[in-house]
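An overview of the molecular structure
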Amino acid sequence: MEFRIDRSALNDAVAWAARVLPTRSPVPVLGGLLLEADGGWLRISGLDYEASARIEVEAETVRAGRVLVMGRRLLDVCRVLPESPVVCAVEGSRFSVTGGGARFGLSVLPLDDYPALPPLPGVLGAVDSEEFAAAVAHVAVAAGRDDTLPTLTGIRVGLDGDTMTLAATDRYRFAVRTLAWKPATADVSADVVVSARRLTEIARSFGRSGMVSVALDAGSAGFELAGMRTTVRLLDGRLPRHDKLFAMTDPMTAVTDRAPLVEAVKRVAVVADGDSPLQLAFSGDSVLLQAGYEDDVASQRLPAVLQGADELTVAFNPSYLMDALASFDAPVVQFGLLGPGQRVMVTGRAAEGGTAGPDQVAAPRPTHRHLLMSVKPLV
């Protein structure tokens, strides 16, 4: 086996495939990357028990063949290679990597012990890669981190006709994002849970213009774009449905500019010890942020518009509030309020005139919604 390839192309391909390699594994060959050169193409594959990845890039094939080498060591080598064409070849029991006057020899792993990559499930449709990456990022902040509740560490991927719904919850917050996609048939329907960490990695790795093919079967999800193919095992169970929880009859609404609110939350939360609440006291034309108690306190007032009440005070876990606000791209945020200690719906809004105002309260149903449970305000 021997092939020639540009250094940056090799580095990018190895880095993309190495994402799925396990940090530690009782099976040594799972730490390897499989390189296959044939017909002017180089295919690099990696897998563990939960996910697999394969990428195909152009390379000048001198001698066709395949080799299995330790993936992270190969990635380390690619990162320090000089910027020049690279020649890779199997020489006896070593895999040589040469470029720009530098030469490395890596030991090879036994090919016979390497398991076959799982096939890509049946393709159900395609979604724009940039929109998909943004939508995954919007909801992933609400996914659980407790591995003892594995289903809550996932993102629900719901497919219903030409609408894709992504949702995540850790029981204290619930984020939902809908987006358009192109189903292969009009009657496409699916409801599965994918690891939030894995799906975030996958969506980020496809951060380029193009349509990502979405594939599903009973046990795995697959995604493919421009020579990159990856699969991930589905999580067992189902996330709770958000429909009834998100239904809020005649809520009070408060609207304010997002960027100043984000900065104010960061500033005021400095004195919030642990999970002590950060309080938002809305009045007719402003919101007062307050945190801390006894000796260490902080506050800041911002313009805001409250409708449906003369005044209302709610409080949140500062980290949860910050995560929610940071997940929006819109310049204005709206709070749907039921009262102190009750659930609060946060949505993003387009700016009109650059400042939050009464004319911005009415809006079509948003595609990105983030539900927070408020806590008891400070007395």
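Since we're looking at a predicted model, the values are computed, not measured.

Position of Arg-156 relative to the elements: it lies in strand β11 (residues 154-160). In terms of polar contacts, Arg-156 uses its side chain to reach the side chain of Asp-191, at 2.9 Å. Excluding residues within four positions of it along the chain, Arg-156 makes contact with Thr-165, Leu-166, Ala-167, Asp-191, Val-192, Val-193, Leu-239, Arg-241 and His-242.

The subject of this paragraph is the nonpolar core. By size, the foremost hydrophobic cluster in this structure holds 68 residues, and its most contacted members are Phe-3, Leu-35, Ile-44, Leu-166 and Phe-223. When residues in this core are grouped by element, the largest group, 6 residues, is from helix α1 (residues 7-18). Excluding residues within four positions of it along the chain, Leu-35 makes contact with Met-1, Phe-3, Leu-42, Arg-43, Ile-44, Gly-65, Arg-66, Val-67, Val-69, Leu-74 and Phe-95.

Let's shift gears to the layout of surface pockets. A volume near 460 Å³ is recorded for the largest pocket. Around the largest pocket, the lining comprises 18 residues; the ones closest to its centre are Asp-147, Pro-150, Thr-153, Ser-195 and Leu-235. Secondary-structure elements contributing two or more residues to the lining of the largest pocket are α4 (196-205) and β18 (228-233). The greatest single-element share of the lining of the largest pocket, amounting to 3 residues, is contributed by α4. Within the lining of the largest pocket, the residues separate by chemical class into 7 nonpolar, 5 polar and 6 charged.

Strand order in the open sheet formed by 9 strands is β15-β11-β12-β13-β27-β26-β25-β19-β23, with antiparallel pairing between adjacent strands. Two strands close off the open sheet at either side, each with one partner strand: β15 (189-195) and β23 (305-307). For this sheet, the mean angle separating the axes of adjacent strands, direction not counted, is 15°. The sheet strands contacting helix α3 (residues 129-140) are β11, β12 (163-169), β13 (173-180) and β27 (368-373), and the helix crosses β13 at an angle near 165°.

Attention shifts here to helix α6 (residues 258-268). Among the residues making up α6, those that are buried are Arg-258, Leu-261, Val-262, Ala-264, Val-265 and Val-268. The buried residues of α6 occupy an angular sector of 165° when projected down its axis, which confines them to one face.

As a further point, take the packing of α3 against α4. Look at α3 against α4: their axes get within 8 Å of each other, and the N-to-C directions meet at 150°. Here α3 is positioned roughly antiparallel relative to α4, judged by the angle of their axes. Judged by the sense of rotation from one axis to the other, the crossing of α3 with α4 is left-handed. Here α3 contributes Phe-132, Ala-133, Val-136 and Ala-140 to the contact with α4, which in turn contributes Leu-199, Thr-200 and Ala-203. Here the contact of α3 with α4 is built from residues that sort into 6 nonpolar, 1 polar and no charged.

Take the packing of aromatic side chains next. Within the structure shown, the criterion is met by 5 aromatic pairs. Over the ring of Trp-16 we find Arg-19, and its NZ or CZ is 4.6 Å from the ring centre.

Here we come to the pattern of salt bridges. One pass over the full model with this rule turns up 16 salt bridges. Salt-bridge contacts for Asp-243 lead to Arg-241; the nearest nitrogen and oxygen are separated by 3.4 Å. On the basis of relative accessibility, which here comes to 45%, the residue Asp-243 falls in the partly exposed class. Connected through salt bridges with shared partners, the residues Arg-156, Asp-191, Arg-241 and Asp-243 form a single ionic network.

This part takes up α3. Its 12 residues give α3 an end-to-end C-alpha distance of 16 Å, which sits within 8% of 16 Å, the value for a rise of 1.5 Å per residue. For α3, the full list of buried residues reads Ser-129, Phe-132, Ala-135, Val-136, His-138, Val-139 and Ala-140. With a side-chain oxygen positioned 3.1 Å from the backbone nitrogen of Glu-130, the residue opening α3 is Asp-128.

So, about the state of the cysteines. This structure, assessed with the given rule, holds 0 disulfides. With no disulfide partner, Cys-78 has as its closest neighbouring cysteine sulfur the one in Cys-88, 7.0 Å distant.

Parameters at a glance
- Residues numbered from 1 in each chain as written.
- Predicted model: local features only at pLDDT ≥ 70, side-chain atom pairs only at ≥ 80, totals over all residues.
- Heavy atoms only, no water.
- Helix = DSSP H or I, 4+ residues; strand = E, 2+ residues; numbered from the N terminus.
- Polar contact = N/O pair within 3.5 Å; in protein donor to acceptor, adjacent residues only side chain to side chain.
- Contact = heavy atoms within 4.5 Å.
- Core = buried A, V, L, I, M, F, W, Y, C linked by side-chain atoms within 4.5 Å.
- Buried < 20%, exposed > 50% of the residue type's maximum accessible area, 1.4 Å probe, protein only.
- 1 Å grid on protein atoms, 1.4 Å probe; cavity = no way out; pocket = protein on both sides within 12 Å on 5 of 7 lines; lining within 4 Å.
- Points joined across faces, edges and corners; volume = space filled by probe spheres on them.
- Nonpolar A, V, L, I, M, F, W, Y, C, P; charged D, E, K, R; others polar.
- Pairing = 2+ DSSP bridges.
- Axes fitted to C-alpha atoms, helices over the stretch in contact; angles between N-to-C directions.
- Arc of directions from axis to C-beta.
- Parallel < 35°, antiparallel > 145°, perpendicular 65-115°, else oblique.
- Left-handed = near helix turned anticlockwise from the far one by under 90°.
- Phe/Tyr/Trp six-rings, centres within 6.5 Å; stacked < 30°, edge-to-face > 60°.
- Lys NZ or Arg CZ within 6 Å of the ring centre and 35° of its normal.
- Salt bridge = Lys/Arg side-chain N within 4 Å of Asp/Glu carboxyl O.
- Expected span 1.5 Å × (residues − 1).
- Disulfide = S-S within 2.5 Å.

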